[in-house]
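Coordinates in review
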Amino acid sequence: MTREVLEQYSLVSLYSAIVVLTLAMLGFIVYLARSAAAAPRDAVEPARADVLVGAGGPAVHRSPDGPGDDAASASGLVKARKAAGPARMLTGLATLLVGVSILFRGLSVHRPPLGNLHEFVAAASFVLLLSFCLWGLKRNVDWLGAFVTAPVLLMLGSATTFWYTEAAQLMPSLKSGWLVIHVTVATISVGVFTLAAMVGLAYLLVDRAEARGGGAPGRLAGLRRVLPPAPELERLSYGLHVIAFPLWTFTLIAGAIWARQAWASYWNWDPKEVWTFVIWVVYAAYLHARATTGISRQKATYIALAGFACIIINYSIVNMYFVGQHSYSGV
Amino acid sequence: MTAQSARIQQPSLGPLGWARWAWRNLTSMRTALLLLLLLAVAALPGSIWPQRSINPTRTSDYIARHPTMGPILDRLGFFEVYATPWFSAIYLLLLISLIGCVLPRTRIHLRHLRGRPPRVPARLDRLPAYAERDLDADPDVALASVKAALGRRYRVDVRDGHTLAAESGYAKETGNLLFHTALIGVIVGVAVGHVWGWKGDVIVPVGGSFSDTAINYDTLDPGPRVDTAKLPPFTLTLDRFDASFEDRVGGGQFGQPRDFSAYLRTTDSPGAPEQSHVLKVNHPVEMSGAAIFLLGNGYAADVTVKDSRGKVVYTGPTVFLARDNNYTSSGAIKVPGAQPKELGFFGNLLPTGVITQDQGPISIFPDARDPKMALGLYEGELNPGGLSGSVYTLNTKEMTQVKDTNGEPLRIWIAPGETVQLPGDRGSITFNKVVRWAGLSIRHDPAKDLTLWSSLLALAGLIASLLIRRRRVFARVEALPAGGSRVRLGALAKGDDSGLQDYLDRLAAGLPSR
Ligand code: HEM
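Since we're looking at a predicted model, the values are computed, not measured. In this numbering scheme, every chain counts its residues from 1 along its sequence in written order. Here chains are named by letter from A upward and ligands by number from 1 upward, in the order in which they appear as written. With the structure being a predicted model, the display of local features is reserved for residues of pLDDT at least 70 and the display and counting of side-chain atom pairs for 80 or more, all residues being used for whole-chain, interface and lining totals. Just so you know, side-chain values use all the structure's heavy atoms and leave hydrogens and water out.

Digging into the UniProt feature "transmembrane region" (unreviewed entry) in chain B
Residue and element names in this part refer to chain B. Stated precisely, the cut-off is as follows: UniProt positions are given in the numbering used here, feature names are shortened, and annotations may be inferred rather than shown by experiment. Working definition: helices are DSSP H or I runs of at least four residues, strands are E runs of at least two. Numbering for both runs from the N terminus.
In the UniProt entry, the feature "transmembrane region" (unreviewed entry) is given for residues 86-104, 177-198 and 450-468. Across residues 177-198 one finds 91% helix and 5% strand; the C-alpha atoms that close the span lie 32 Å apart. End-to-end, the C-alpha atoms of residues 450-468 are 26 Å apart, and along that stretch the chain is 95% helix and 0% strand.

A few points about the UniProt feature "transmembrane region" (unreviewed entry) in chain A
Residues and elements named next belong to chain A. According to UniProt, the positions carrying the feature "transmembrane region" (unreviewed entry) are residues 12-33, 89-108, 120-137, 144-165, 177-206, 238-259, 274-289 and 301-322. For residues 89-108, the helix share is 100%, the strand share is 0%, and the end-to-end C-alpha distance is 29 Å. Between the C-alpha atoms that bound residues 177-206 the distance is 44 Å, and the span itself is 100% helix and 0% strand.

Details of the site of the ligand
The test is simple: The cutoff for a nearby residue is simple: one of its non-hydrogen atoms must lie within 4 Å of the molecule or strand. Pairs of N or O atoms within 3.5 Å make up the polar contacts considered here, provided that, within protein, one atom can donate a hydrogen while the other can accept it, and that residues adjacent in sequence are counted only when both atoms are side-chain atoms. Throughout, the ten residues Ala, Val, Leu, Ile, Met, Phe, Trp, Tyr, Cys and Pro are labelled nonpolar, Asp, Glu, Lys and Arg are labelled charged, and all others, Gly among them, are labelled polar.
Neighbouring the ligand are 24 residues; His-288 of chain A together with Ser-97, Cys-101, His-180 and Ser-465 of chain B lie closest to it. The ligand sits at the junction of chains A and B, each of which supplies nearby residues. In this structure, an oxygen atom belonging to the ligand sits 3.4 Å away from a side-chain N or O atom of Asn-176 of chain B. The side chain of Ser-465 of chain B places a nitrogen or oxygen atom 2.6 Å from an oxygen atom of the ligand. Breaking the shell around the ligand down by element, the ones donating at least two residues are helix 8 (271-291) of chain A together with helix 3 (29-43), helix 7 (85-114), helix 9 (170-196) and helix 10 (448-467) of chain B. The residue makeup of the shell around the ligand, split by class, is 15 nonpolar, seven polar and two charged.

Some remarks on helix 5 (residues 56-65) of chain B
All names here are of chain B. Selection rule: Whether a residue is buried, partly exposed or exposed follows from its accessible area with a 1.4 Å probe, protein chains only, as a fraction of its type maximum: under 20%, in between, or over 50%, in that order. The directions considered for the arc are those from the helix axis to the C-beta atoms. Only heavy atoms enter the contact rule, under which two residues are in contact if any of them lie within 4.5 Å.
Within the sequence span of helix 5, burial applies to Thr-59, Tyr-62 and Ile-63. Projection of helix 5 onto a plane perpendicular to its axis shows the buried side chains occupying an angular sector of 95°, all on one side. In helix 5, the exposed residues that point more than 90 degrees away from the buried face are Thr-57, Ala-64 and Arg-65. On its buried face, helix 5 is in contact with helix 6 (69-76).

A few points about the coordination of the iron atom of the ligand
We count it as follows: Any nitrogen, oxygen or sulfur atom within 2.8 Å of a metal ion counts as a donor, with the limit raised to 3.2 Å for Na, K and Ca, and since water is left out, coordination shells can look unfinished. Every angle between 85 and 135 degrees makes a four-donor site tetrahedral, while opposite donors more than 155 degrees apart, with all other angles between 65 and 115, make a four-donor site square planar and a six-donor site octahedral; other sites are irregular.
Protein coordination at the iron atom of the ligand comes from His-288 of chain A (NE2) and His-180 of chain B (NE2), with a distance range of 1.9 to 2.0 Å. Coordination at the iron atom of the ligand comes from six donor atoms whose angles at the metal span 86 to 179°, giving a geometry best classed as octahedral. Taken together, the residues span two chains, with His-288 of chain A in helix 8 and His-180 of chain B in helix 9. For His-288 of chain A, a relative accessible area of 17% translates into the label buried. Classification of His-180 of chain B by relative accessible area gives buried; the value is 8%.

Brief notes about the interface of chain B and chain A
How large an interface is tends to be reported as the accessible area lost when its parts come together. Let me state the cut-off plainly: Take the accessible area each of two parts loses on contact, using a 1.4 Å probe, and add the two losses: that sum is the buried area. The salt bridge criterion pairs a side-chain nitrogen of Lys or Arg with a carboxyl oxygen of Asp or Glu, the two atoms within 4 Å.
Chain B puts 56 residues into the contact, and the matching count from chain A is 57 residues. Between chain B and chain A, roughly 4600 Å² of surface is buried when both sides are summed, and carbon and sulfur atoms account for 66% of that area. Three residues, Arg-258, Asn-282 and Asp-496 of chain B, lead the burial of chain B against chain A; their summed loss comes to 14% of the area buried on that side. Run the count over chain B and chain A and you get one salt bridge.

Topic: the pairing of strand 4 (residues 198-205) of chain B
All names here are of chain B. To be explicit about the condition: A pair of strands is treated as paired once DSSP finds two or more bridges between them.
When you tally the buried positions in strand 4, you get six out of eight residues, the bulk of the element. Relative to strand 6 (residues 219-222), strand 4 runs antiparallel, the two being bridged by four bridges. Paired with Asp-201 across the bridge in strand 6 is Thr-219. Pairing of strand 4 with strand 22 (residues 428-444), which is carried by eight bridges, proceeds in the antiparallel orientation. The residue bridging Pro-205 from the neighbouring strand is Trp-437, located in strand 22.

Focus on the sheet that holds strand 3 (residues 163-168) of chain B
Residues and elements named next belong to chain B. Convention followed: Lines are fitted to the C-alpha atoms to define the axes, a helix being fitted only along its stretch in contact, and any angle between axes, read from their N-to-C directions, falls within 0 to 180 degrees.
Strand order across the open sheet formed by five strands is 1-24-23-3-2, with antiparallel pairing between neighbours. Each of the sheet's edge strands pairs with one partner strand only, and the pair in question is strand 1 (129-135) and strand 2 (155-158). The sheet shows a mean angle of 15° between the axes of neighbouring strands, direction not considered. Of the strand pairs in this sheet, strand 3 and strand 23 (residues 471-479) are connected by six bridges, and their pairing is antiparallel. The residue of strand 23 that forms the bridge with Glu-167 is Arg-472. Here helix 11 (residues 500-509) sits on the sheet in contact with strand 1, strand 23 and strand 24 (485-493), set at roughly 10° to strand 1.

A few points about the pairing of strand 2 of chain B
All names here are of chain B. Strand direction decides the pairing type here: strand 2 and strand 3, joined by four bridges, are antiparallel. Paired with Val-156 across the strands is Ala-166, a residue of strand 3. As consecutive antiparallel partners, strand 2 and strand 3 are separated by four residues, and within that stretch Gly-161 has a phi angle of approximately 85°, a positive value.

Right under this line is the structure:
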C-alpha cells in the first residue's frame, strides 16, 4: 500500500471514530439526564445507598436499589442504565478506531506518529479513551462518560480540521529518540490531566449542588444524584493529578535534554518551553495548595483547572501563533 | 507570670522579632504557593512578546512598529523577562523560601528517623481507621502476631506488653525533601551555567577552518564571569557538508529539509592529534571544554573580482543568509581593494534561481540545482567613518548606485562559471561556484550535569513523595475475662489514604486466632 492510501485509511478511521464517539456521548448524556430526572423530586436526603464504597482508590458507584427509592425513580434508573450500556460499547469501538488510525498513520510515515500536532492530539485522545475504557472494566464509571467523550470529540474534531497535517517525514531537528520519549510521555500526561480536570469539574458541580442543599431544583441537584459525592470526586481528581504530574515533570526534563541536543542549550525560553514550565508550576501550586492547611479543596481545584486551561492554550494558541523553535506543529 | 513571658507577649516586636516574623512568613506554605503562582504569571510575557536574548531583530522590529507601547514595555523589561529584577526577585524569594523550608524539615525528619514512633493515643476508635478482633491467644502472643503481621515495612515499637506503635513510609518525607533539595540544585545549576557558561556562533564555509578564540566568532555571548581570553584552544575544519531535501512533489512537504551532515576535523589543542566527526542536527560533537552544535546552514558565493587591468582585487567564498525555506539568500560582496572607488555588490544568491513577475528573482527549491546570483552594484565608501557595519548588507550612505549603459541601475544575473564585465572601467566579476556553509554554535555550560542530575533526583523524590503512603498503626491488646484477648487497631495516615480502613480490616482479619 502506498503512503497516500495508508494516510487515507488513517483519516477515514478517525472520522469513523468521531461519528461513533458522538453517538457514545449522546448515550452518556441521556444516561446522566435520565438518572438525574429519575431522582426523587423532594430529594431531601437522597438514598445514599447508591454511592460509594471507597475501597482502595476510585469511587465505586453502585446503582441505587435501596429501599428508599420509589418505583417511578427505580424504573427511570433502569431506563437510564439502558442508555449507558451502548454508550460504553460505542466508546470502546471509538477507542479501537482511534488506535487503528494512529497505526495507519505510523505505517504511512515510517516513524512513531508523534511528529506534529495532529498526531499528538490523536494520540492524547487515544490515551484518554483507553484509560477510561480500562477503568470502566474495573468499576462503573458511566457517570464520567460524558465528561470524557465531549473533550475527546473536541480534540479529534480539531485534529482533523485546523490542526490537520499531511503525513510526512520529520525535520532533521525532530529526528531524535528524545522526541519520541518526550512526546509520548507528554501525550500520556495530557490524557491523564484531561481526565483529572474533568473529574475536578464534576467535583465543583456536585459540590455546588450539595452546598445548595437537597431542596434545590434543577439539573445541578440531579447531577448530585448520579455522580459520586463531592469529597470522593475531589480525591479522585487529586489521585489522577498525582499520576499526571510526575509524567509532566519527566516531559519537561526530557524536553530539556532534547533541546540541548538540538539547539545547544537545554533551556531557551521558547514560547513552548515557557508554557510547559508554566503548566508545571501551576500544577505544583495545585499540589501545594492541597497540602496547605487553610486552603479549601475548592480553591485548590480551581488552581488545577487553571493548569488545564494552560494546557489547552499551550496546544492551541501557542502552537499556532507564537513564533518559536517548536515549529513542529506543522500547521 | 514571669517578667520574661510578659515581655514576649508585648505587641511590639523589635528588629529581631520582625526578622523572625518575616522569615516565618517567607518560609510558610502559603507564601510558597503565592510565589509559585506569581512565577507562573511572570513567566508568561516572555512567550507573548519577542525576547531580545532570543531574537534581537524581531524585538527591535516590534519596538519600531509600536512607537508608544514599545519603549514603555521595554522599560518594564517585557523584552527581557527572564533577566528582569521582578522575575529574578520572585525566583530568588522562592529559593530562599525553599531553603528555609527544607532545612528545618530535614532536621525534624532526621529526628523522626532516629526516634521512636509516637505514643499510642488513648482512644484508638477516634482515629480515622479503626478495627478490632477477639483472638484466642494470650495478650502478649496477640501483640507479637500484630507485629509480625505488620511486616518489615513498619518500624514497630512494642511498648509495655499490651500496646504497640508502628510507622511506615518514612521514604515519603525523604522523597519530598529530596525533591525540594534537588530543586535547589536545579536553580543553582541554572545560575552557574548562566554566570560561567558561554556560547558563540560562527559560520564556516566548506573548506574553511575555525580556531576557538573570541575574535573568530560572529557572535559570542559569555557569562558575566567568563574570561574570553581563556577559551579552550581547539580548532576545526569543515571538509564537506551534505544536505538533502524532500523532492517528492505533493504531500505538502516539498522542499522540507530531511538531513544535514557536516564532516569535521578537529584538534583539541594546537599539535594534538586530529579527529574526524560527522556533525548532525541533534548529534553534537563534544570537545574538551565545549560542545559543537549544528544549528544552521546556507550558501556562500565563491567569486573573484578583478580590476580593469585584470588584477584580482577580491576572491573567496562570501556568505549569504537564507531568507526563506527555499534558501533565497541575501548578502553583500564588499571589495575595498577596488580602484578608483570601493565597490559593493548586494543582492541574492539563489540555489535554484528563477526570475518571477511579481517577486523578482527568487529560489524555488532549497537544493543547489540551478544556482544564480542577482546582484546590484554600488561604489563609494564602504565603511564611512571607519565603522564597519553588518557584513551581509551595504551601508550605502556614502555610496552611489552604478548604472548600466541605458542609465538604469545595473542588474547582474550570473551563474557559476560565468563572468560579467562591469560598465565603465570597473573590471569584472566571476561567479566561480556555490559552496555550502555550516552555522555552528559552540557552547560551554559548566553546570549542565549538576542541573541534569538534580532534575532527575527531583523526579525520583517527587515520585516517592507522591506515591509512598505514610501510615501509623497503633495496637492495644487486653485480656478478655473468658480467656483470649481483644486486639484494638487504630491507624492514621498523612494526607489522603482512602485504603487505610481497608488495610486495617485486612490486617485484623489476617491475625492468627491462636
Ligand atoms: C520551587 C518551588 C517549589 C515547588 C515547585 C514545589 C513543589 C511541590 C510539590 C509538587 C509538592 C507535592 C508533593 C506531595 O504532595 O507530596 C510539594 C510538597 C510540599 N512542599 Fe513544595 N514546592 C516548592 C517550594 C516549597 C517551599 C518554598 C516550601 C516551604 C514552605 C515547600 C513545602 C512543601 C511541603 C511541606 C510539602 C509537603 C506537602 C504534603 O504532602 O504534606 N515547598 N511541593
